[in-house]
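This is what each chain is made of:
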Amino acid sequence: MNKKRFSICILTIFFIVSVYAHENIVSVFQDSKKETDLSSCLKNGLIKLEVNLDEEIPEENISAIQYILKHTYENNIHKMRGEEDNKVYTKESGEEAVFDKEGNLVTNDWNKGSFNYGSYSEPINKFKVDIWPWLIWGNTREDPTSFDERFYYYIMDLDNGIQSYIFLEDKTEIEKINYANLNETDKLIYKFFNYLIFNKSYKFDLSKKNIAKYKKSADNYWKYLSQLLTLSGYEK
């Protein structure tokens, strides 16, 4: 093999390794709209993200994720594509309606209300039956938004839950979740959020020391939140 061919091979290998090393949530799930088995889709995506599916999540993280998702409401995900004044109304029975700033019912395929099968009181199940299908498939078959758009606005809603957790004074009262008792799909969902919220590569994490800083300064908190957006791979 001559030097030129050898160099091309090395560059090709380097490119492949680089692409793989920079896999993110968007690159992994961007083309998943044709998926029919959402649980397998999530599992395969986590494997591509090099998440260890056999490793238990710390109880503190699980409890925090449960609390954060309980306080993550469908708000920003109905304000996509410049419709920032939309207001969302949801009945306990699951019906949902979205109205624009003029009080008109929003009927477009990307922001209109849909039926909710899950409840905020059971946040993991709600993500499983309402949010995850929406992230992968969109609101309707004609929804023109991409996964990265939907995921960005979901993080904006997740932001409310994270802030609620940060400003919670007594975190010892949070509901304790036993990882071993979870079913396999629920474990995958916790793995997904553990990767997103408690990623070990974050420079700014949710340690007590940093949480104290986030409470004092919105700029400090943005350093944490921007990592989630960077990890997702979306650029608005």
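Description of the structure in this document. (Residues numbered from 1 in each chain as written. Predicted model: local features only at pLDDT ≥ 70, side-chain atom pairs only at ≥ 80, totals over all residues. Heavy atoms only, no water.)

### A look at the pairing of strand 1 (residues 87–90)
In this sheet, strand 2 (residues 96–99) lies alongside strand 1 in antiparallel orientation, the contact comprising 4 bridges. When the bridges of strand 2 are listed, Lys-87 appears paired with Phe-99. Linking two consecutive strands that pair antiparallel, namely strand 1 and strand 2, is a turn of 5 residues; a positive phi of about 115° is found at Gly-94 within it. (Pairing = 2+ DSSP bridges. Helix = DSSP H or I, 4+ residues; strand = E, 2+ residues; numbered from the N terminus.)

### Considerations on the pattern of salt bridges
Scanning the model with the defined rule gives 8 salt bridges in all. With a shortest N-O distance of 2.9 Å, Lys-126 and Glu-74 are connected by a salt bridge. Of this pair, Lys-126 sits in helix 5 (residues 123–137) while Glu-74 is found in the loop between helix 4 (59–70) and strand 1, placing the two residues 52 residues apart along the sequence. With respect to burial, Lys-126 and Glu-74 carry one shared label: buried. A salt bridge links Lys-126 to Asp-130, with the shortest nitrogen-to-oxygen separation between them at 3.0 Å. Here Lys-126 pairs with Asp-130, and both are found in helix 5, just 4 residues apart, close to one helical turn. Each member of the pair Lys-126 and Asp-130 is classed as buried. (Salt bridge = Lys/Arg side-chain N within 4 Å of Asp/Glu carboxyl O. Buried < 20%, exposed > 50% of the residue type's maximum accessible area, 1.4 Å probe, protein only.)

### Things to note about the side chain of Thr-140
For Thr-140, the location among the structural elements is in the loop between helix 5 and helix 6 (147–166). Within the local environment of Thr-140, its side chain forms a polar contact with the side chain of Asp-109, the two groups lying 3.0 Å apart. Leaving out residues up to four positions away in the same chain, Thr-140 has contacts with Lys-33, Asp-109 and Lys-112. (Polar contact = N/O pair within 3.5 Å; in protein donor to acceptor, adjacent residues only side chain to side chain. Contact = heavy atoms within 4.5 Å.)

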